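Take a look at the letters that make up each chain.
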Amino acid sequence: MNRVEEAIAHWPYVAPLLRPPSTDGEYLEVVKTLDAVLDAGGADESHPLAALAQQIGETVAEWERRDPMPEPADGAAMLRHLMDVHGLRQSDLPEIGAQSVVSAILAGRRSLNVRQVKALAARFGIPAANFL
């Protein structure tokens, strides 16, 4: 089977990844897909998945231009927003620490420290200043 035949055979699996979302739920699925493609090697520009990551990333960017992220009041608000967008629980954030630490930050009893801000900025691909 040549490349074109392989692409055609796999298109039913790839095409949904490139379809623009029309709801918040579909947007979250596209973001999860982008995360998975990046984790599988798409973050490396020389990897075969890089072009797919770029296409999905453009789909995410277009959605976010239409429905921009709200301006957070503080680091906890930004964290809460990202958790909502990515469907994360407190226990899904090991870069912050234990679930109790995440809970204290979200409740305003603690602030994010520099290490946590750097780790979160790297994980979500956003400027560290968004947490300050």
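The coordinates are above.
Keep in mind the model is a prediction, meaning the values are calculated, not measured.

### Topic: the packing of aromatic side chains
Here is step 1: Scanning the model with the defined rule gives 1 aromatic pair in all.
Here is step 2: Taken together, a centroid distance of 5.5 Å and an interplanar angle of 15° make the contact between Tyr27 and Trp63 stacked. Residue Tyr27 is located in helix α2 (residues 24-42), and its partner Trp63 is located in helix α3 (residues 50-66); the two are separated by 36 residues in the primary sequence.

### Notes on the pattern of salt bridges
Here is step 1: Inspection of the entire model under this criterion finds 4 salt bridges.
Here is step 2: A salt bridge links Lys32 to Glu29; the nearest nitrogen and oxygen atoms lie 3.9 Å apart. Of this pair, Lys32 and Glu29 both sit in helix α2, 3 residues apart, which is roughly one turn of that helix.
Here is step 3: Note that Asp92 is salt-bridged to Arg89, the shortest N-O span being 3.3 Å.

### Things to note about the nonpolar core
Here is step 1: Ranked by size, the top nonpolar core spans 19 residues in total, and within it Leu79, Leu93, Ile96, Leu120 and Phe131 carry the most contacts.
Here is step 2: When contributions to this core are tallied by element, the ones reaching two or more residues are α4 (75-86), α5 (99-106) and α6 (114-124).
Here is step 3: Counting residues per element, this core draws most heavily on α4, which supplies 5 residues.
Here is step 4: Excluding its chain neighbours within four sequence positions, the residues that come into contact with Phe131 are Asp74, Gly75, Met78, Leu79, Leu82, Leu112, Val117, Leu120, Ala121 and Ile126.
Here is step 5: The next biggest cluster of nonpolar side chains, apart from the first, holds 11 residues, and it includes Val37, Val60, Trp63 and Val85.

Rules behind the numbers
Along each chain, numbering runs from 1 in the same order as the chain's sequence is written. Reporting of local features is limited, given that this is a predicted model, to residues whose pLDDT is at least 70; pairs of side-chain atoms are given and counted only at 80 or more, and all residues count toward the totals for whole chains, interfaces and linings. As a rule here, side-chain values come from all non-hydrogen atoms in the structure, and water together with hydrogens is ignored. Classification of ring pairs rests on two measures: the distance between centres of Phe, Tyr or Trp rings, Trp counted by its six-membered ring, which must be within 6.5 Å, and the angle between planes, read as stacked under 30 degrees, edge-to-face over 60 and tilted in between. Elements are defined by DSSP. Helices are runs of H or I of four residues or more, strands are runs of E of two residues or more, and each kind is numbered from the N terminus. For this document, the term salt bridge refers to a Lys or Arg side-chain nitrogen within 4 Å of an Asp or Glu carboxyl oxygen. In plain words, nonpolar cores are sets of buried Ala, Val, Leu, Ile, Met, Phe, Trp, Tyr and Cys residues tied together by side-chain atoms within 4.5 Å. Exposure classes here rest on a 1.4 Å probe applied to the protein chains alone. A residue is buried below 20% of its type maximum, exposed above 50%, and partly exposed in between. Only heavy atoms matter for contacts: two residues are in contact if any of them lie within 4.5 Å across the pair.

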